[in-house]
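Here is how the chains run, residue by residue.
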Amino acid sequence: MTLTKGALLLVVLYLGAHGQSVDVSKRVDCFPEPGASQSSCQSRGCIWEEAPNDSPTGTPWCYYPTESGFTVQSTGTNSFVLAAKTPNPYGTNISPLNVKYSSNGATLLLTIGNDDRYVPPVNIPKKPSTSTESLKFTSGTIGSSDIFSFKVTRASTGAALWDTSIGGMQFADKFIQIATYLPTKNIYGFGDHIHKKIKVGFQYFLVFHLKI
């Protein structure tokens, strides 16, 4: 995925479903900054629900509907054009939004963005990689909705390395959010993060925030 300048913050969160109570282990926080209230939460189009007493520490009371994000406007060869369906609390979502994927040897290249968005001219090595493993990109929708999601799976085992069917995708000019389920809690070396060890400390899923 191509991103512009900014700080990447990895946050352990829990996600949610549209308009109804859901498992507290499945809520994506819609109000991570201080000062959350029912009125401020609902003004963002999100769900306000107190966490039960036995909930994990940090369970958000304000969370995104699971069926939030983008729908497919059109498709092409290894590409999709998406249209924003739900609001972004931090700005107007970019729409249309392009999703493109390709292979470079054993490497799967995935780009999410817009042709008008500036991309830093970083000279990244582009020689085809070699590996006994290969990765597969699969598109889908969230639940019974038409909200776009995708998976990246390992061809040899079918394990999903990246799965955005958790919902909550946002892509505004100054705020980008992509959440994914993870196949294991043993994840190392994800970009800039606030943990004191190379191993990322989380259990359920990962949310990428890019705020410019």
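Above this note sits the structure.
Bear in mind that the values here come from a model prediction, so they are computed numbers and not experimental data.

Caption draft 1: Highlighting empty space enclosed by the protein. Throughout the structure, instances matching the rule amount to 1 cavity of 30 Å³ or more. In this model, the largest cavity occupies a volume close to 40 Å³. Taken together, S68, I142, I147, F148, T164, G167, M169 and A179 make up the full set of residues lining the largest cavity. Across the lining of the largest cavity, the residue classes break down as 5 nonpolar, 3 polar and no charged.

Caption draft 2: Just the nonpolar core, in detail. Grouped together as the largest cluster of nonpolar side chains are 18 residues, with contacts concentrated most on L97, V99, I112, F137 and F150. For this core, the elements supplying multiple residues, two or more each, are strand 5 (79–84), strand 6 (97–104), strand 7 (107–113), strand 9 (148–154) and strand 12 (175–181). For L97, the contacting residues outside a window of four places in its chain are F70, F80, V81, L82, I112, G113, M169 and F171. If you look at the next biggest cluster of nonpolar residues, it comprises 11 residues, including F31, C46, C62 and Y64.

Caption draft 3: How the structure looks around the state of the cysteines. Using the criterion set out here, one finds 2 disulfides in the structure. In this model, C30 is linked to C46 through a disulfide, with the two sulfur atoms separated by 2.0 Å. Here the disulfide of C30 and C46 is right-handed, its torsion about the S-S bond being about 60 degrees. Note that C30 is positioned in the loop between strand 1 (7–11) and helix 1 (38–43) and C46 in the loop between helix 1 and strand 2 (47–48), a separation of 16 residues in sequence.

Caption draft 4: Molecular detail of the packing of aromatic side chains. On inspection of all chains with the given rule, the structure shows 7 aromatic pairs. When the ring of F80 is compared with that of F148, the centres are 5.3 Å apart and the planes differ by 50 degrees; the resulting orientation is tilted. With a gap of 68 residues between them, F80 in strand 5 and F148 in strand 9 connect regions that are remote in the sequence. Per residue, the accessibility class of F80 equals that of F148, and both read buried. Centre to centre, the rings of Y101 and F137 are 4.1 Å apart; their planes meet at 20 degrees, and the pair counts as stacked. Placement of the pair is Y101 in strand 6 and F137 in strand 8 (residues 135–141), with a sequence separation of 36 residues. Among the aromatic side chains, those forming a connected cluster through ring pairs are F80, Y101, F137, F148 and F150. Here the guanidinium or amino end of R44 rests over the ring plane of F31, the centre of that ring lying 3.8 Å away.

Caption draft 5: Up close: the pattern of salt bridges. Applying the stated rule across the entire model yields 3 salt bridges. Residue R27 pairs with E49 through a salt bridge whose shortest N-O separation is 3.2 Å. Highlighted residues: R27 in the loop between strand 1 and helix 1 and E49 in the loop between strand 2 and strand 3 (62–63), separated in sequence by 22 residues. Its relative accessible area of 1% is what places R27 among the buried residues. Here R44 and E33 are joined by a salt bridge, their closest N and O atoms 2.4 Å apart. One end of the pair, R44, is in the loop between helix 1 and strand 2; the other, E33, is in the loop between strand 1 and helix 1, and 11 residues separate them in sequence.

Calculation notes
Residues numbered from 1 in each chain as written. Predicted model: local features only at pLDDT ≥ 70, side-chain atom pairs only at ≥ 80, totals over all residues. Heavy atoms only, no water. 1 Å grid on protein atoms, 1.4 Å probe; cavity = no way out; pocket = protein on both sides within 12 Å on 5 of 7 lines; lining within 4 Å. Points joined across faces, edges and corners; volume = space filled by probe spheres on them. Nonpolar A, V, L, I, M, F, W, Y, C, P; charged D, E, K, R; others polar. Core = buried A, V, L, I, M, F, W, Y, C linked by side-chain atoms within 4.5 Å. Buried < 20%, exposed > 50% of the residue type's maximum accessible area, 1.4 Å probe, protein only. Helix = DSSP H or I, 4+ residues; strand = E, 2+ residues; numbered from the N terminus. Contact = heavy atoms within 4.5 Å. Disulfide = S-S within 2.5 Å. Phe/Tyr/Trp six-rings, centres within 6.5 Å; stacked < 30°, edge-to-face > 60°. Lys NZ or Arg CZ within 6 Å of the ring centre and 35° of its normal. Salt bridge = Lys/Arg side-chain N within 4 Å of Asp/Glu carboxyl O.

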